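In case you want the letters, here they are:
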Amino acid sequence: MKVPAQTLESALESCLRLLATTLQPATMRHYQRAVRLFLDYLRQSFPEVSKPAQLRRDPHLLGWLEYLWKRRTLRGEPLQNSTRASHVIELRNLLDMLAELPQPPVNGLLRGSDVPRREHRLPRPLSPEDDARLQSRWREATDLLRCALLLQRLTGMRIGECADLRADCLRHLGDNRWSLHVPHGKPQSERWVPVDDQVRVLVERLCFLRTLPPGAEERYLLPRPGGRAALLHRLRETLHTDAAAVGIEARVVPHQLRHTYATTMLRAGVSLPALMKLLGHHNANMTLLYVEVTQQDLQREFHAARMHPRYQMPLPQAMQQMPTDDPAGLAALCAAVEAACRGIELYRRRAAATGSKPLQLLSRRLIRIRAGLAKLAAMAGEEK
């Protein structure tokens, strides 16, 4: 009995159900949107195409690429290259999965060259003045949303990570050291962020505010009466309102608070590897996209390097006492290594540690170093 060919829509829905078993909900929403856009385009332009085997690169897929290029957002702006690239990659993955059907689509419908190049992303930190005005406004506020935005700014979290914070996210590490447990915002991005007393007090305030009506779920720090999406929408709207209230004319998005945190930490002296850990990145190139190096930063680093160059490190006291008639210092080095060898031997005898393996290894290394220095001193004497 011949099995009827599966329709394109049902085949794509089967692929989505399969992907839902391994991908996160946020990623699945991106795949679902790409499928919806593609099917809407086919219904409008090629209603006769109903099966995967009917798809052709020209005109179906090439027409869809042009459709994405001409599409506008709700604000009338064209889709960004990163958004179009995401849709193309997601649809290409789904078409690859359809290759296992009894009547699959033809190969090469979408190619790597069809993926738009991403725009050169610039850091988007707030200016120090705008950042100070926003923080001042949030410190004076006592409502939950503004406290949550201040917490995001002071810890560099993504807005989704802030919304998913657990009620017991703050941990005491002893003395005056505290750490904030940031949940998975992206795959393998779970981390512990060191925090100060200001963040500790802020989390304690949120723990109190979550007990007020309507209250929060037992496991979450922030209430979400209308669901997670409603909470994220309220946070964004509060940020837009406060930015306008303090005189920021440009549109501000929550992710700029993360860029501001990264830039502030870098200017404070945090190294790039440590900043990667704080942000939950696995690639230094991504971290560099978050930080802004201004002309003032360059001037400060340049003059600091001129005033205190690292190559002019102070010499050890033993090196400073070397005789002036031995410019290379080989004789002094030989004497120092010889003294170290004798000192280790005396220690072994007094401490009865003749069988200590680490001391034996150290003594052997020093003996080899002494022999090498002696050869260098002899070669230097012959040249004279």
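Rules used in this analysis
Residues numbered from 1 in each chain as written. Predicted model: local features only at pLDDT ≥ 70, side-chain atom pairs only at ≥ 80, totals over all residues. Heavy atoms only, no water. 1 Å grid on protein atoms, 1.4 Å probe; cavity = no way out; pocket = protein on both sides within 12 Å on 5 of 7 lines; lining within 4 Å. Points joined across faces, edges and corners; volume = space filled by probe spheres on them. Helix = DSSP H or I, 4+ residues; strand = E, 2+ residues; numbered from the N terminus. Nonpolar A, V, L, I, M, F, W, Y, C, P; charged D, E, K, R; others polar. Buried < 20%, exposed > 50% of the residue type's maximum accessible area, 1.4 Å probe, protein only. Pairing = 2+ DSSP bridges. pLDDT = per-residue confidence, 0-100. Axes fitted to C-alpha atoms, helices over the stretch in contact; angles between N-to-C directions. Parallel < 35°, antiparallel > 145°, perpendicular 65-115°, else oblique. Left-handed = near helix turned anticlockwise from the far one by under 90°. Contact = heavy atoms within 4.5 Å. Expected span 1.5 Å × (residues − 1). Arc of directions from axis to C-beta. Salt bridge = Lys/Arg side-chain N within 4 Å of Asp/Glu carboxyl O.

Trainee: What exactly am I supposed to notice about the layout of surface pockets here?
Mentor: Taken as a whole, the second largest pocket holds about 150 Å³ of empty space. Taken together, Gln6, Ala11, Ser14, Cys15, Leu18, Asp96, Met97, Leu98, Glu100 and Leu101 make up the lining of the second largest pocket. Residue assignment for the lining of the second largest pocket shows that the elements contributing at least two residues are α1 (8-19) and α4 (81-97). Element by element, the count of residues in the lining of the second largest pocket is highest for α1, at four residues. Tallied by class, the residues present in the lining of the second largest pocket amount to six nonpolar, two polar and two charged.

Trainee: In this structure, what is going on with the pairing of strand β3 (residues 191-195)? I would like to understand it.
Mentor: The two faces of a sheet get side chains in turn, since along a regular strand they alternate between them. The alternating pattern of β3 places Arg191, Val193 and Val195 on a buried face and Trp192 and Pro194 on a face that is not buried. One ladder, built from five bridges, connects strand β2 (residues 178-182) with β3; its direction is antiparallel. Bridge pairing in β3 places histidine 181 opposite tryptophan 192.

Trainee: What should I look at first to understand the confidence of the model for the protein chain in this one?
Mentor: Fine structural detail should not be taken from predicted coordinates in areas where pLDDT scores are low. When pLDDT is averaged across the protein chain, the result is 85; 88% of the residues are at 70 or more. Looking at the elements of the protein chain, mean pLDDT is at its lowest for helix α14 (residues 317-320), recorded as 55, and at its highest for helix α6 (residues 144-155), recorded as 95.

Trainee: Help me understand the packing of helix α5 (residues 128-140) against α6 in this model?
Mentor: Helix packing geometry: the angle between the two helix axes and the distance between the axes. The N-to-C vectors of α5 and α6 enclose an angle of 135°; their axes lie 9 Å apart at closest approach. Taken together, the axes of α5 and α6 lie oblique to each other. The two elements α5 and α6 meet at a crossing, and its hand is left-handed. Residue-level contacts link Asp131, Gln135, Arg137, Trp138 and Arg139 of α5 to Arg146, Leu149, Leu150, Arg153 and Leu154 of α6. Tallied by class, residues from the contact of α5 with α6 come to four nonpolar, one polar and five charged.

Trainee: Please clarify how helix α9 (residues 228-245) should be interpreted in this entry.
Mentor: Since the α-helix packs 3.6 residues into each turn, any two residues three or four apart lie on the same face. Its 18 residues give α9 an end-to-end C-alpha distance of 26 Å, which sits within 8% of 26 Å, the value for a rise of 1.5 Å per residue. Listing the buried residues of α9 in full gives Leu231, Leu232, Leu235, Thr238, Leu239, Asp242 and Ala243. Here the buried residues of α9 occupy an arc of 130° about the axis, which is enough to place them on one side. Set apart from the buried face of α9 by more than 90 degrees, the exposed residues are Ala229 and Ala244. Of the residues one or two after α9, glycine 247 is the one with positive phi, at around 95°.

Trainee: Sorry if this is basic, but what is going on with the pattern of salt bridges here?
Mentor: Considering all chains together, one arrives at 17 salt bridges under this definition. A salt bridge links arginine 43 to aspartate 40, with the shortest nitrogen-to-oxygen separation between them at 2.9 Å. Linking arginine 43 with aspartate 40, this pair stays in helix α2 (residues 25-45), spanning three residues, or about one helical turn. It is possible to trace a salt-bridge network through shared partners that takes in Arg137, Asp143, Arg146 and Asp242.

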